[in-house]
Amino acid sequence: MKKVLNLLLLWMLTMTAWAQTSPALEQLKADPRKAYGTDYPYTGTAAKLTKAPKGYKPFYISHYGRHGSRYYWNAMLYREMDSVLTIAHRKNQLTAAGEEFRKKFDAAKTELATGVSELSDLGWEQHQRIARTMYNNFPEVFKKGGNVLAIASLSGRCVISMSGFCQELVQCNPKIEIREQSSRFTLDGVVPDDRQNPARRDFPSTKPRFEKNRDQFKYTDNLGETVVRRAFTSTEGLPGSTHHIGENFINLYTSLPNIGHEGMMGSLMTDQDIADRWESSNLGTYSWLFPRKNMTIPILEDIIRKADAVIDGSSDRIADLRFGHDDRLGPLHILMGINGADRDPEDPYEVKNCYQNWETCKACNIQLIFYRSKKQGADVLVKCLLNGSEATLPLPADNYPYYKWSDFKKFYTDRCNSLKGE
């Protein structure tokens, strides 16, 4: 019995040490702002790419990108923040740090209320940088010009993101001809579940397996209450519960870098505060996105169909571009199993090692780069980039990060067909 207990203790120590040095936590340590998750502003850091196999050149790109940085999506956040700060100020219930924040918020509140859900200047710039990086990384695709189709959801922030991206591509090479479309006709390829999509249909939904073991995840989150204590001397008579007020502060904090107001909240909150709760928030994001993965089957089928048309010569496009939302790109990321996101672990502590919610950040993007060789009978190859970095797919790879298109097409066609009947 003693031997068993010793082995168990050794295993626990080993797992604890491993968790502390897991790649996800190391990334978070290097950049605590990644803990903002889906609010993290895309940085566009250049990644070194692996040279294509001898004789192969890129000829086509298939892309799905989330809209860029924006103001908070719900006007209630700004309204409730304004209300609670105004009342607390009148009742002399603000700390010095809370009063300093109130003044800054008051100066910006008209802008915030006007900008609700709209793309910010940073969001526009992000998509221009992504487009120029794409052009510079794969000049062979674009150097002769050619036809591009860009489609977006009916949301204004997606349409403007698409416009910024496409404008930059044309500035790189005026010979590129781009048709931009935000239409009910193309919703199936970008937001299939939109109620205005005439081809909309339901797909089965499943919960991630860790949910049945969620009680094994031991974590107490007191940040909301802590921030409230930093901002208010008392919450008596203020609208909303302490928990709700605290969550509003947290949501505002992580959204501010997207709109040029980073630092507005002063000492009320820090990046480390957000980083300390990241693993719990990452579980929440995975739990939200995972059940939606089957809903993105039409997007993946659109990717396969349009790529096939280019490969067989029935389409002359050099790129297909899609602009949508985090609750489509995140599930697509999971459906495709990019970097192991489809592993669906039972252990809640393992989720962070297959999915990190900062990968579904503002302006996040998936790019599939297609390569062909002049050699007779040579396979068409495809490489996946997630936010500009080479990513793994659940496919055989003799020459990673390059995969055979035939393997890609068969695997994902079979996966889509099997999931439709779950």
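Let me begin by describing the structure that accompanies this report. (Residues numbered from 1 in each chain as written. Predicted model: local features only at pLDDT ≥ 70, side-chain atom pairs only at ≥ 80, totals over all residues. Heavy atoms only, no water.)

Thoughts on the overall build of the chain
Here comes step 1: Each helix and strand in the chain was counted, giving 14 helices and 8 strands.
Here comes step 2: Its C-alpha atoms give the chain a radius of gyration of 23 Å, near enough to 22 Å, the size a compact globule of 422 residues would have.
Here comes step 3: With the principal axes as the frame, the chain shows a C-alpha extent of 75 × 65 × 40 Å.
Here comes step 4: Carbon and sulfur atoms make up 50% of the accessible area of the chain, which totals about 19,600 Å².
Here comes step 5: For the chain, the centre of its 56 positive side-chain charges and the centre of its 51 negative side-chain charges are spaced 4 Å apart. (Helix = DSSP H or I, 4+ residues; strand = E, 2+ residues; numbered from the N terminus. Rg over C-alpha atoms; globule rule 2.2 N^0.38 Å. Areas by Shrake-Rupley, 256 points an atom, 1.4 Å probe, with all protein chains shown as cover. Lys, Arg positive; Asp, Glu negative; His and termini not counted. Charge placed at Lys NZ, Arg CZ, Asp CG, Glu CD.)

Thoughts on helix α9 (residues 242–255)
Here comes step 1: Under the 1.5 Å per step criterion, the end-to-end length of α9 is 20 Å for 14 residues, consistent within 8% with the ideal 20 Å.
Here comes step 2: Looking only at α9, the buried set comprises Ile245, Gly246, Asn248, Phe249, Ile250, Leu252, Tyr253, Thr254 and Ser255.
Here comes step 3: The secondary structure elements touched by the buried residues of α9 are α3 (75–90), α4 (96–115), α8 (223–231) and α10 (271–276). (Expected span 1.5 Å × (residues − 1). Buried < 20%, exposed > 50% of the residue type's maximum accessible area, 1.4 Å probe, protein only. Contact = heavy atoms within 4.5 Å.)

Details of the environment of Ser183
Here comes step 1: Inspection of the secondary structure puts Ser183 in the loop between β3 (176–181) and α8.
Here comes step 2: A relative accessible area of 13% means that Ser183 is categorised as buried.
Here comes step 3: Separated by 32 residues in sequence, Ser183 and Ile151 place their C-alpha atoms 7.9 Å apart.
Here comes step 4: In contact with Ser183, not counting residues within four places along its chain, are Ala152 and Leu154.

What to know about helix α11 (residues 278–289)
Here comes step 1: An ideal rise of 1.5 Å per residue puts 16 Å on 12 residues; α11 measures up with 16 Å between its terminal C-alpha atoms.
Here comes step 2: For α11, the set of buried residues is Trp278, Glu279, Asn282, Leu283, Thr285, Tyr286, Ser287 and Leu289.
Here comes step 3: Lining the buried residues of α11 we find α2 (23–30), α10 and α13 (326–336).

Concerning the pattern of salt bridges
Here comes step 1: Tallying each qualifying case throughout the model produces 33 salt bridges.
Here comes step 2: Residue Asp188 pairs with Arg201 through a salt bridge whose shortest N-O separation is 2.9 Å. On the criterion of sequence distance, the pair formed by Asp188 in the loop between β3 and α8 and Arg201 in the loop between β3 and α8 is long-range, its members being 13 residues apart.
Here comes step 3: Judged by relative accessible area, Arg201 falls into the partly exposed class, the value being 35%. (Salt bridge = Lys/Arg side-chain N within 4 Å of Asp/Glu carboxyl O.)

Details of the side chain of Ser153
Here comes step 1: With respect to the helices, strands and loops of the structure, Ser153 is situated in the loop between β2 (146–152) and α7 (156–172).
Here comes step 2: Its relative accessible area of 2% is what places Ser153 among the buried residues.

Brief notes about the nonpolar core
Most often, soluble globular proteins keep nonpolar side chains buried together rather than apart.
Here comes step 1: In this structure, Phe101, Phe142, Phe232, Phe249 and Phe408 are the most contacted members of the largest nonpolar core, which totals 110 residues.
Here comes step 2: Listed in part, the 11 residues of the second largest apolar core include Leu283, Leu289, Ala341 and Cys354. (Core = buried A, V, L, I, M, F, W, Y, C linked by side-chain atoms within 4.5 Å.)

Observations regarding the packing of helix α12 (residues 297–311) against α13
Here comes step 1: The N-to-C vectors of α12 and α13 enclose an angle of 70 degrees; their axes lie 9 Å apart at closest approach. With respect to each other, α12 and α13 are oriented roughly perpendicular. Residues Ile297, Ile299, Leu300 and Ile303 of α12 form the contact with α13, whose own contacting residues are Arg328, Leu332, Leu335 and Met336.
Here comes step 2: Of the residues belonging to the contact of α12 with α13, the class tally is 7 nonpolar, no polar and 1 charged. (Axes fitted to C-alpha atoms, helices over the stretch in contact; angles between N-to-C directions. Parallel < 35°, antiparallel > 145°, perpendicular 65-115°, else oblique. Nonpolar A, V, L, I, M, F, W, Y, C, P; charged D, E, K, R; others polar.)

Describing the environment of Arg132
Here comes step 1: Inspection of the secondary structure puts Arg132 in helix α5 (residues 121–137).
Here comes step 2: Looking at Arg132, the relative accessible area reads 36%, which means it is partly exposed.
Here comes step 3: With 33 residues separating them along the chain, Arg132 and Phe165 place their C-alpha atoms 8.3 Å apart.
Here comes step 4: Excluding residues that lie within four positions of it along the chain, Arg132 makes contacts with Glu168 and Cys172.

Focus: the layout of surface pockets
Here comes step 1: Of the volumes computed, that of the largest pocket is approximately 780 Å³.
Here comes step 2: Lining the largest pocket are 29 residues; nearest its centre among them are Thr38, Asp39, Tyr72, Asn251 and Thr285.
Here comes step 3: Secondary structure elements with two or more residues in the lining of the largest pocket: α9, α11 and α13.
Here comes step 4: A per-element tally of the lining of the largest pocket places α11 first, with 5 residues.
Here comes step 5: When grouped by side-chain class, the residues that make up the lining of the largest pocket number 7 nonpolar, 11 polar and 11 charged. (1 Å grid on protein atoms, 1.4 Å probe; cavity = no way out; pocket = protein on both sides within 12 Å on 5 of 7 lines; lining within 4 Å. Points joined across faces, edges and corners; volume = space filled by probe spheres on them.)

Focus on the packing of aromatic side chains
Aromatic ring pairs: the centre-centre distance and the angle between the two ring planes describe each pair.
Here comes step 1: For the structure shown, the criterion picks out 20 aromatic pairs.
Here comes step 2: Taking the centre distance of 5.2 Å and the plane angle of 50 degrees together, the rings of Tyr60 and Phe370 count as tilted. Of this pair, Tyr60 sits in strand β1 (residues 56–66) while Phe370 sits in strand β5 (residues 365–373), and the two are 310 residues apart along the sequence.
Here comes step 3: Judged by relative accessible area, which is 0%, Tyr60 ranks as buried.
Here comes step 4: Taken together, the aromatic side chains of Tyr60, Phe370, Trp405, Phe408, Phe411 and Tyr412 make up a single cluster linked through ring pairs.
Here comes step 5: Positioned over the ring face of Phe59 is Arg372, at 3.7 Å from the centre of the ring. (Phe/Tyr/Trp six-rings, centres within 6.5 Å; stacked < 30°, edge-to-face > 60°. Lys NZ or Arg CZ within 6 Å of the ring centre and 35° of its normal.)

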